[in-house]
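Listed below are the residues making up each chain.
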Amino acid sequence: MGTLFSERVQQIEKSAIHEMTRLSKEIDDVAFLSWAKPTSGTPDHINRAAMQAIEQGQTGGYSPSEGLAELRQEIVAKLQRDNQIEATISQVLVTVGAIEGLAAAVMAAIDPGDEVILPSPTYSTHIRQVQMASGIPVLVPLLEGDGFALDTKAIQRAITPKSKAILFCTPSNPTGTVFAEPALRELARLALANDLVIITDEAYEYFVFDEHKHFSLASMPEMARHVISCFTFTKTYAMTGWRIGYLHAHEDWIPQIKKAHIPFAICAPVVSQYAALAALQGPQGCVDEFRRHYRTTRDLMCQRLDELPDVFSYQRPGGSYLMFPRILVEEGKDSTSFCKRLLREAHVSTTPGVAFGPTGESHMRLSFCVPEETINTAFDRIERFIQGGL
Ligand SMILES: Cc1ncc(COP(=O)(O)O)c(C=O)c1O
């Protein structure tokens, strides 16, 4: 039977994230720190706008494959206001979440055998998207001791004649790093000098804390042809299930990316496009509220980790709602078995670091987009688990 399956899909390993979710279903009363999805519901005014669009019969057909014009117009205003990207409507494509935008961008940019540089550890889906395009992922370690910063010198060394693109998320999943503007500018310089395209995943753009600032490379006019920027409503407005996002690229890129977008999606779900329109046009207080909540839960998680200095070391996340502590105890060298034991014996669900590439081994990813109570319950259990002897 195996021979019926393409090599393309067979090379892709089962997702450790989904495996942990499956295992956790077999166990009662789990404290979840493993999901990177907002646990709050979609704000009411967004739900109501979607219901109104349904009642008015606006949602039964396809939209133009690039998305509703009124939504793209609002996205243009948002890109100008919040990302300093001088966008026009012909540079915007509405997608099925950030994921489909990223997949379509990768398909449009990568030929079989092309190398794609991914600062690592990174979001495992990015690695898979490169593999699905028959590209070759080249994982370049981040500088853990420097808060998982970009190592632009190592990236420069990794560039070969086969290099075609650099793909990363900032703020980062899984490390929570907000890549600093000077390092991103250096990456832009490398892309221009070597004729590479940079594909950015800016899913967590609004969740940055303290002195950190999110910087969009597409705000640099000289990068116009060299960057495809992917965004989403999923995180900003707690709209995970609506499957709605968008990308920005030079207008010469859009028809090429659309050639991948159409066979995968035709268009983004129309009801979700109306919901997204309401999200952009409506009050933005919910975004501030989510950000404040994540800052509080980040601080709590760091405080609880501080109480276990022999077990974990960590880099304080500047953004997203994820962090990536190193497991210092011997058992943590195999992050999968450590996280499985934590789930079975302590009823705490985490994600093994190795799911984010080999540089993620000996770590685990913790998500703080949960109520404070969940963090306290999880850490009380982790403490008891450790006191009980590993
Ligand atoms: C970095 C990153 N990009 C994209 C996504 C998924 O985004 P979407 O729901 O918009 O497809 C996630 C979800 O966890 C993510 O962490």
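Presented here is an overview of the structure given in this document. (Residues numbered from 1 in each chain as written. Predicted model: local features only at pLDDT ≥ 70, side-chain atom pairs only at ≥ 80, totals over all residues. Heavy atoms only, no water.)

Overview of the overall build of the chain
1) Next: When helices and strands are counted, the chain shows 13 helices and 14 strands.
2) Next: Considering only contacts in the chain between residues 6 or more positions apart, those separated by 24 or more positions represent 76%.
3) Next: Of the roughly 16400 Å² that the chain leaves accessible, carbon and sulfur atoms contribute 51%.
4) Next: Charged side chains in the chain number 36 positive and 46 negative. The centres of these two groups are separated by 2 Å. (Helix = DSSP H or I, 4+ residues; strand = E, 2+ residues; numbered from the N terminus. Contact = heavy atoms within 4.5 Å. Areas by Shrake-Rupley, 256 points an atom, 1.4 Å probe, with all protein chains shown as cover. Lys, Arg positive; Asp, Glu negative; His and termini not counted. Charge placed at Lys NZ, Arg CZ, Asp CG, Glu CD.)

Considerations on the site of the ligand
1) Next: In the vicinity of the ligand, 14 residues are found, and the nearest of them are Ala98, Asp201, Tyr204, Thr232 and Arg243.
2) Next: Within the backbone of Ala98, a nitrogen or oxygen atom sits 2.7 Å from an oxygen atom of the ligand.
3) Next: At 2.4 Å, a side-chain N or O of Thr232 approaches an oxygen atom of the ligand.
4) Next: Burial of the ligand by the protein chains amounts to 93% of its free accessible area of 400 Å².
5) Next: The biggest single contributor to the shell around the ligand is helix 5 (residues 97-109), with 3 residues.
6) Next: Taken together, the residues of the shell around the ligand break down into 7 nonpolar, 4 polar and 3 charged. (Near = heavy atom within 4 Å. Polar contact = N/O pair within 3.5 Å; in protein donor to acceptor, adjacent residues only side chain to side chain. Nonpolar A, V, L, I, M, F, W, Y, C, P; charged D, E, K, R; others polar.)

Brief notes about the packing of helix 4 (residues 69-83) against helix 10 (residues 270-281)
Think of two packed helices as two axes; the pair is described by the angle between the axes and how far apart they sit.
1) Next: One can describe the packing of helix 4 onto helix 10 by two numbers: an axis separation of 9 Å at closest approach and a directional angle of 35°. Along this stretch, helix 4 crosses helix 10, giving a crossing that reads as left-handed. Residues Glu70, Leu71, Glu74, Ile75 and Lys78 of helix 4 touch helix 10, and the partners they reach there are Gln273, Tyr274, Ala276, Leu277, Leu280 and Gln281. (Axes fitted to C-alpha atoms, helices over the stretch in contact; angles between N-to-C directions. Left-handed = near helix turned anticlockwise from the far one by under 90°.)

Examining the sheet that holds strand 4 (residues 136-141)
1) Next: Taking strand neighbours across the sheet as the criterion, the 7 strands line up as 2-8-7-6-5-3-4 in an open arrangement whose pairing is mixed. A single partner strand is all that each edge strand has here, and the edge strands are strand 2 (92-95) and strand 4. Adjacent strand axes in the sheet meet at a mean angle of 20°, parallel and antiparallel pairs treated alike.
2) Next: Pairing analysis gives 4 bridges linking strand 2 to strand 8 (residues 245-248), with the strands arranged antiparallel. Looking at strand 8, one finds that Leu93 is bridged to Leu247.
3) Next: Packing of helix 4 onto the sheet brings it into contact with strand 2, strand 7 (227-232) and strand 8, and relative to strand 2 it is tilted by some 110°. (Pairing = 2+ DSSP bridges.)

Quick word on the pattern of salt bridges
Close approach of charged atoms allows side chains with opposite charge to pair.
1) Next: The full count for this structure, using the stated rule, is 21 salt bridges.
2) Next: A salt bridge links Asp29 to Arg381, with the nearest nitrogen and oxygen atoms 2.8 Å apart. Highlighted residues: Asp29 in the loop between helix 2 (16-25) and strand 1 (31-32) and Arg381 in helix 13 (residues 372-387), separated in sequence by 352 residues.
3) Next: By relative accessible area, which is 55% here, Asp29 ends up exposed.
4) Next: Take Arg381: its relative accessible area is 13%, and that puts it in the buried class.
5) Next: Look at the salt bridges and you will find they share partners, linking Lys14, Glu19, Arg22 and Glu26 into a network. (Salt bridge = Lys/Arg side-chain N within 4 Å of Asp/Glu carboxyl O. Buried < 20%, exposed > 50% of the residue type's maximum accessible area, 1.4 Å probe, protein only.)

Here's the deal with the side chain of Gln273
1) Next: Structurally, Gln273 is set in helix 10.
2) Next: By relative accessible area, which is 0% here, Gln273 ends up buried.
3) Next: With residues up to four places along the chain from it excluded, the contact list for Gln273 reads Ser63, Gly67, Leu68, Leu71, Val94, Ile244 and Ala268.

Description of the sheet that holds strand 10 (residues 322-323)
1) Next: Across the sheet, which stays open at both edges, the 3 strands sit in the order 10-14-13 with antiparallel pairing between neighbours. Lying at the two open borders of the sheet, with one neighbouring strand each, are strand 10 and strand 13 (351-352).
2) Next: Taken together, the 2 bridges between strand 13 and strand 14 (residues 364-367) define a ladder with antiparallel strand orientation. Bridge pairing in strand 14 links Pro352 to Met364.

With respect to helix 8 (residues 181-194)
Every α-helix carries 3.6 residues per turn, so stepping three or four residues along brings you back to the same face.
1) Next: Helix length check: helix 8 (14 residues) gives 20 Å between terminal C-alpha atoms against 20 Å at 1.5 Å per residue, within 8%.
2) Next: Among the residues of helix 8, those classed as buried are Ala183, Leu184, Leu187, Ala188, Leu190 and Ala191. Across the axial projection of helix 8, the buried residues extend over an arc of 160°, all falling on one side. The outward face of helix 8, more than 90 degrees from its buried face, is lined by the exposed residues Pro182 and Ala193. (Expected span 1.5 Å × (residues − 1). Arc of directions from axis to C-beta.)

On their own, these measurements won't tell you what the molecule is for.
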